[in-house]
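# Observations on the model geometry
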Amino acid sequence: MTEGVLWAIFAGLMLGLYALPEKFTKGFKYENTWSLFFLLTMFVVPLIASVVLIQGFSEIFGNMPTDIWVKMGLSSFLWGIGVMMWSKAINHIGLSLGFSIFIGTIILVGSLLPFIVDGLPPTNVLTYVLIGILVVLLGVILNGKAGLTREKDEAKLNTAENTISEKGSMTTGILIAVIGGLLATGFSYANAVGRPYLSEAVKQYGNADWITAVAVMFPIFISGGIVMTAYFLWQLNAKKAWGDFKTSSFGKNFLLILIMAIFHYAASALFAFAASKLGAAGNTVGYAIFNTASVATAIVSGIATAEWVRASPKARKFLYMGLACMVIGIVIIAYGNGQV
């Protein structure tokens, strides 16, 4: 139990930090940064990791039942759309709020999805999980309020300073983050559906238990990457952004984006490993802890990079209250899982 919680928290820290290097790229448009990121994190990194680490790679996936491929593929495709929308939301409303709204939505829905696959836990555990999720919901609402308040604060300052903000609409950004979060819960479902077969198959070929996490990520990332690749190829053409890859900062940008890709992939794989260590309700509890840890990290990162420097104390108060509710909610869920 304790080991699983710690791994879930560590995975969340990695996920919360993965987008931070994007703030330091130069000469790239949004489309350049994220198209390269998704290419690396969805195809290059998982393919290399899977082929190198999984013994019997071809046999394991070649023998995987068609129905599991279909379920994992379709839900992962939806997850891919959700993650793509997440990146767009961050562009509208910033790192800290983008994470809060998107991940909060994922926690609310994604934490319940494994019950559909694995069945309901004991009544005492389910009660704690549901109470914890309601507390998380309150945190999501407060984070949304923080974002809208911050937008009003910045609008007043821009009017007073006679400047024009380059950010998109806060309401639009929040809507994108919520819809993206709903779609991204496909990740939790795909993990729950694929783990039983892949866990047994991995062991049959002499792999260590933790390799199961790597195996589960392979079909999820490949399927999710298809929609992202198509979208960004279209965007690169529409925005005529191909030429922006030819910048003197390309080497530095590539390294920063590669770090983003590795952190993003590793965080997801570590979540799958943590879930396996948390017992019967591991997918639910691990998913909630993992995502809440990432929100906390992203909020701190956003504050550290001056995203909230122009926000009023009232806006920051809502943000901190929202984060506190999300953390309390996860503590309740984790405690309930320990009552099994």
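For the structure, check the block above.
Here's a quick rundown of the structure.

Thresholds, definitions, all that
Residues numbered from 1 in each chain as written. Predicted model: local features only at pLDDT ≥ 70, side-chain atom pairs only at ≥ 80, totals over all residues. Heavy atoms only, no water. Helix = DSSP H or I, 4+ residues; strand = E, 2+ residues; numbered from the N terminus. Contact = heavy atoms within 4.5 Å. Areas by Shrake-Rupley, 256 points an atom, 1.4 Å probe, with all protein chains shown as cover. Core = buried A, V, L, I, M, F, W, Y, C linked by side-chain atoms within 4.5 Å. Buried < 20%, exposed > 50% of the residue type's maximum accessible area, 1.4 Å probe, protein only. Phe/Tyr/Trp six-rings, centres within 6.5 Å; stacked < 30°, edge-to-face > 60°. Patch = residues over 30% accessible without salt bridge, like charges linked within 9 Å, V, L, I, M, F, W, Y side chains within 5 Å. Salt bridge = Lys/Arg side-chain N within 4 Å of Asp/Glu carboxyl O. Lys, Arg positive; Asp, Glu negative; His and termini not counted. Charge placed at Lys NZ, Arg CZ, Asp CG, Glu CD. Axes fitted to C-alpha atoms, helices over the stretch in contact; angles between N-to-C directions. Parallel < 35°, antiparallel > 145°, perpendicular 65-115°, else oblique. Left-handed = near helix turned anticlockwise from the far one by under 90°. Nonpolar A, V, L, I, M, F, W, Y, C, P; charged D, E, K, R; others polar.

Moving on, we come to the overall build of the protein chain. When you go through the protein chain residue by residue, the secondary structure sums to 13 helices and zero strands. If you list the helices and strands of the protein chain from N to C, you get α-α-α-α-α-α-α-α-α-α-α-α-α. Contacts in the protein chain between residues at least 24 apart in sequence constitute 86% of all its contacts with a sequence separation of at least 6. Here the protein chain displays about 14200 Å² of accessible surface, and carbon together with sulfur accounts for 69% of that area.

Attention shifts here to the nonpolar core. Trp34, Phe61, Met217 and Ile220 are the most contacted members of the largest nonpolar core, which has 99 residues in total. At 13 residues, the largest contribution of residues to this core is made by helix H10 (residues 211–238). Filtering out sequence-adjacent residues up to four positions away, phenylalanine 61 remains in contact with Ile54, Trp69, Leu198, Ala215, Phe218 and Pro219.

It is worth spelling out the environment of valine 227 at this point. Inspection of the secondary structure puts valine 227 in helix H10. Valine 227 has contacts with Phe77, Gly80, Ile81 and Met84, leaving out every residue within four places of it along the chain.

To continue, consider the packing of aromatic side chains. Summed over the entire model, instances satisfying the criterion amount to 21 aromatic pairs. An angle of 80 degrees between the planes, with centres 6.4 Å apart, marks the rings of tyrosine 18 and tryptophan 34 as edge-to-face. With tyrosine 18 in the loop between helix H1 (2–17) and helix H2 (30–53) and tryptophan 34 in helix H2, this pair connects stretches of sequence that are 16 residues apart. Like tyrosine 18, the residue tryptophan 34 is buried in the burial classification. Aromatic ring contacts, followed pair by pair, group Tyr18, Tyr30, Trp34, Phe37, Phe38, Tyr231, Phe232 and Trp234 into a single cluster.

One non-glycine residue, lysine 240, adopts positive backbone phi at about 50 degrees. Note on placement: lysine 240 falls in the loop between H10 and helix H11 (250–276).

Before going further, it helps to spend a moment on a positive patch on the surface. Residues Lys145, Lys152, Lys156 and Lys314 make up a contiguous surface patch of positive charge. Among the elements that line the positive patch, the one with the most residues is helix H7 (residues 123–161), at three residues. Examined against the element boundaries, lysine 314 turns out to sit in helix H13 (residues 313–337).

Once that is clear, we can look at the packing of helix H4 (residues 66–93) against helix H9 (residues 186–204). Relative orientation and spacing of two packed helices are given, respectively, by the angle between their axes and the distance between those axes. Where H4 meets H9, the axes come as close as 8 Å, and the angle between the chain directions of the two elements is 160 degrees. Comparing the axis directions of H4 and H9 gives the class roughly antiparallel. Read as a crossing pair, H4 and H9 show a hand that is left-handed. Side by side, H4 and H9 meet where Ile68, Lys71, Met72, Ser75, Ser76 and Trp79 of the first sit next to Gly186, Phe187, Tyr189, Ala190, Val193, Gly194 and Tyr197 of the second. Split by residue class, the contact of H4 with H9 holds eight nonpolar, four polar and one charged.

Our next topic: the environment of valine 327. With respect to the helices, strands and loops of the structure, valine 327 is situated in helix H13. Placed 39 residues apart in sequence, valine 327 and alanine 288 show a C-alpha to C-alpha distance of 9.7 Å.

What follows concerns a nonpolar patch on the surface. A surface patch of nonpolar side chains, amounting to about 550 Å² of accessible area, comprises Leu39, Val44, Ile48, Val52, Leu53 and Trp210. Relative to the assigned elements, valine 44 resides in helix H2. In this structure valine 44 comes out as partly exposed when scored by relative accessible area, which is 33%.

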